[in-house]
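Here's the letter readout for the chains.
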Amino acid sequence: MQDTIRRILTARVYDVAEETPLDPLRRLSARLQRPILLKREDLQPVFSFKIRGAYNKIAGMSEGELARGVICASAGNHAQGVALAAARRDTPATIVMPTTTPGIKVAAVRALGGDVVLHGDSFDAAYAHARQLEHQTGAVFIHPFDDPDVIAGQGTVGLEIARQHADPIQAVFVPIGGGGLAAGVAAIVKFLRPETRVIGVEPVDAPTMKSAMDAGQVVTLKEVGLFADGVAVRRAGELTFDLCKDLLDEIVLVDTDAICAAIKDIFDDSRAIAEPSGAVALAGLKAWAAANPGEGSLIAINSGANVNFDRLRHVAERAEIGEGAEALLAVAMKDDRDDYRRFLNSLDGRSVTEFNYRWSGDGQAQIFVGVALRNGPHERDDLIAALRDGGYAVEDMSDNETAKLHVRYMVGGRTVGLPHERILRFQFPERPGAFLRFLNSLQPAWALTLFHYRNHGDDVGRVLAGISVPPQDQDRFAAALADLGYPYVEETDNPACRLFLDGA
């Protein structure tokens with residue numbers, strides 16, 4: 001702890017980094033009825049806090065080390081930070097990036113002078129290759145988070161917060177990936193303001209540090225969700241874990257919808273567009289504030305703004321649900337125009353955001369409908385109860401990931417005569433040939449009965465597939481999926497699939 005504080009207080013970051021503002025979020029403050037502030041690390045020269053740790057590490061290298069050059073593995077923000085820091089210190093930088101890295105990020109690193117090496121389909125493969133090149137070339141490896149000088153550089157964010165906000169702070173919310181920012185900020189804030197809570201925030205599908213806390217040691221997650229790619233780390237650092245387990249007061253988990261809603265909140269108040277990992281801390285702040293009402297000031301760190309433009313479509317679609325401003329419902333009714341009119345009247349003036357239907361021929365209609373809510377998420381329960389009292393069979397799809405990602409775009413009638421159909425939700429590598437490899441893994445007797453994909457600007461493609469597999473082939477099918485290696489979730493019994501896509 002003392003060594004970390006000393007390193008933070010003597011960190012060299014301002015040759016390249018900016019002291020970013022601590023901005024009040026006035027609209028959100030009014031809504032939550034307490035002061036909410038945002039630390040604007042999205043305003044750094046590389047649009048991310050990562051420049052702090054990278055430069056502090058490189059600035060402390062000897063002339064001999066600088067002559068050997070630096071190397072790192074990264075798919076985004078750390079890569080840009082290392083490239084810019086190396087350019088300022090006039091040392092060559094090799095950046096190993098996965099082949100699936102979006103072109104905009106590769107171009108940004110090259111523009112900063114980094115020598116990009118594309119290798120592997122994942123960060124783990126790129127990291128292993130970077131460590132191999134480190135031994136071959138003698139270059140100095142710059143770890144993205146598990147290094148005392150990197151942690152210290154990131155800790156200057158907390159030092160600035162303490163200096164910029166002289167009044168009491170109830171809590172500071174920090175996004176966690178590998179834990180470098182959380183460890184550094186928690187160390188200095190607890191040193192200067194021991195009464196202030198420091199709360200880490202992680203995506204619910206990438207609970208890297210929380211899993212380590214629960215286990216009492218660093219663990220490797222089998223897989224993590226990639227929507228908030230800046231914090232999609234499968235294993236926390238050893239150094240960062242040692243600091244976080246002693247200094248963090250708690251960890252809050254947030255889902256994709258909450259992150260999208262937080263991106264919208266940042267835009268509404270500042271007209272800035274945060275990347276998903278940049279909005280993670282604010283999403284956690286909102287969740288914590290809802291469970292802990294009070295008047296104390298709360299501060300969230302916006303860690304970055306490196307987002308692909310085409311991902312904003314997905315963010316906009318999910319933000320309304322995350323804000324509790326929209327309900328997605330599956331409603332069964334008679335296939336009759338008069339019943340449709342009665343249903344619309346029963347919404348009591350609420351706007352319909354989408355209405356998906358197709359004739360089925362059996363006298364019953366299954367509607368996938370979006371309804372705008374006026375008074376937040378609690379109104380959803382009241383609406384569902386009112387519809388059921390009116391005689392409608394209703395299932396809430398608002399928290400159903402498969403429904404939100406796929407089914408809402410696919411409603412077009414159920415198919416009969418497919419008794420052995422299985423519905424699986426996959427993550428495909430976002431690269432040419434991924435679909436072909438999937439098709440080649442299927443035996444001729446296994447019919448592809450359904451396929452849905454939409455580009456979301458991510459490093460992976462989200463796919464919903466239906467495959468008809470005879471009972472005697474189930475073991476061979478499981479083996480084929482294992483050989484394919486694409487992460488998947490069985491969705492055959494998901495109510496969204498059962499109601500709208502069932503092929504039985």
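The paragraphs below set out a description of the structure included in this document. (Residues numbered from 1 in each chain as written. Predicted model: local features only at pLDDT ≥ 70, side-chain atom pairs only at ≥ 80, totals over all residues. Heavy atoms only, no water.)

### Comments concerning a nonpolar patch on the surface
Then step 1. Together, Met1, Leu9, Phe191 and Leu192 give the surface a local cluster of nonpolar side chains, amounting to about 390 Å² of exposed area.
Then step 2. Within the fold, leucine 192 resides in helix 9 (residues 180-192).
Then step 3. The class of leucine 192 is partly exposed, set by a relative accessible area of 38%. (Patch = residues over 30% accessible without salt bridge, like charges linked within 9 Å, V, L, I, M, F, W, Y side chains within 5 Å. Areas by Shrake-Rupley, 256 points an atom, 1.4 Å probe, with all protein chains shown as cover. Salt bridge = Lys/Arg side-chain N within 4 Å of Asp/Glu carboxyl O. Helix = DSSP H or I, 4+ residues; strand = E, 2+ residues; numbered from the N terminus. Buried < 20%, exposed > 50% of the residue type's maximum accessible area, 1.4 Å probe, protein only.)

### Brief notes about helix 6 (residues 103-111)
An α-helix turns once every 3.6 residues. As a result, residues three or four positions apart point the same way.
Then step 1. Turning to helix 6, its buried residues number three or more, namely Lys105, Val106 and Val109. Burial along helix 6 is one-sided: seen end-on, the buried residues are contained in an arc of 100 degrees. Opposite the buried face of helix 6, at more than 90 degrees from it, the exposed residues are Gly103, Ile104 and Ala111.
Then step 2. Among the structural elements, helix 5 (77-88), strand 4 (93-97) and strand 5 (115-118) are those in contact with the buried residues of helix 6.
Then step 3. Glycine 113 sits one or two residues past helix 6 and shows a positive phi near 100 degrees. (Arc of directions from axis to C-beta. Contact = heavy atoms within 4.5 Å.)

### What to know about the layout of surface pockets
Then step 1. The space that makes up the second largest pocket amounts to roughly 710 Å³.
Then step 2. In terms of lining, the second largest pocket is formed by 28 residues, of which the most central are Lys286, Ala290, Gly322, Glu323 and Pro377.
Then step 3. If you list the elements that add at least two residues to the lining of the second largest pocket, you get helix 2 (26-32), strand 9 (250-254), helix 12 (256-270), helix 13 (276-291), helix 14 (312-322) and helix 16 (378-389).
Then step 4. At five residues, helix 13 tops the list of elements feeding residues into the lining of the second largest pocket. (1 Å grid on protein atoms, 1.4 Å probe; cavity = no way out; pocket = protein on both sides within 12 Å on 5 of 7 lines; lining within 4 Å. Points joined across faces, edges and corners; volume = space filled by probe spheres on them.)

### A few points about the pattern of salt bridges
Then step 1. Applying the stated criterion across every chain, the model contains 34 salt bridges.
Then step 2. We note a salt bridge from arginine 52 to glutamate 41, for which the minimum N-O separation is 2.8 Å. In this pair, arginine 52 sits in helix 3 (residues 50-59) while glutamate 41 sits in the loop between strand 2 (36-40) and helix 3, placing the two residues 11 residues apart along the sequence.
Then step 3. With relative accessibility at 0%, the residue arginine 52 sits in the buried group.
Then step 4. Judged by relative accessible area, glutamate 41 falls into the buried class, the value being 0%.
Then step 5. Several salt bridges converge on common partners, so that one network encompasses Asp3, Arg6, Arg7 and Asp149.

### Some points on the packing of aromatic side chains
Any pair of aromatic rings gets described here by the distance separating the centres and the angle formed by the planes.
Then step 1. Here the structure, examined in full by the defined rule, presents 10 aromatic pairs.
Then step 2. Geometrically, the ring pair formed by phenylalanine 173 and tryptophan 288 is edge-to-face, given 5.7 Å between the ring centres and 65 degrees between the ring planes. Note that phenylalanine 173 is positioned in strand 7 (residues 171-175) and tryptophan 288 in helix 13, a separation of 115 residues in sequence. Like phenylalanine 173, the residue tryptophan 288 is buried in the burial classification.
Then step 3. With 5.5 Å between their ring centres and 80 degrees between their planes, phenylalanine 343 and tyrosine 392 make a pair best called edge-to-face. Linking phenylalanine 343 in helix 15 (residues 337-346) with tyrosine 392 in the loop between helix 16 and strand 14 (393-396), this pair joins segments that are 49 residues apart in sequence.
Then step 4. For phenylalanine 343, a relative accessible area of 0% translates into the label buried.
Then step 5. Relative accessible area serves as the criterion here: at 5%, tyrosine 392 is assigned to the buried category. (Phe/Tyr/Trp six-rings, centres within 6.5 Å; stacked < 30°, edge-to-face > 60°.)

### Observations concerning the side chain of glutamate 134
Then step 1. Topologically, glutamate 134 is positioned in helix 7 (residues 123-137).
Then step 2. Residue glutamate 134 is classed as buried on the basis of its relative accessible area, which comes to 16%.

### Here we look at the sheet that holds strand 6 (residues 140-141)
Then step 1. The four strands are arranged 5-4-3-6 in an open sheet whose pairing can be described as parallel. Across the chains shown, the open sheet's two edge strands, defined by having one partner strand only, are strand 5 and strand 6.
Then step 2. Bridge count for strand 3 (residues 70-73) against strand 6 is two bridges, and the pairing is parallel. Across the sheet, the residue bridging to valine 70 is valine 140, located in strand 6. (Pairing = 2+ DSSP bridges.)

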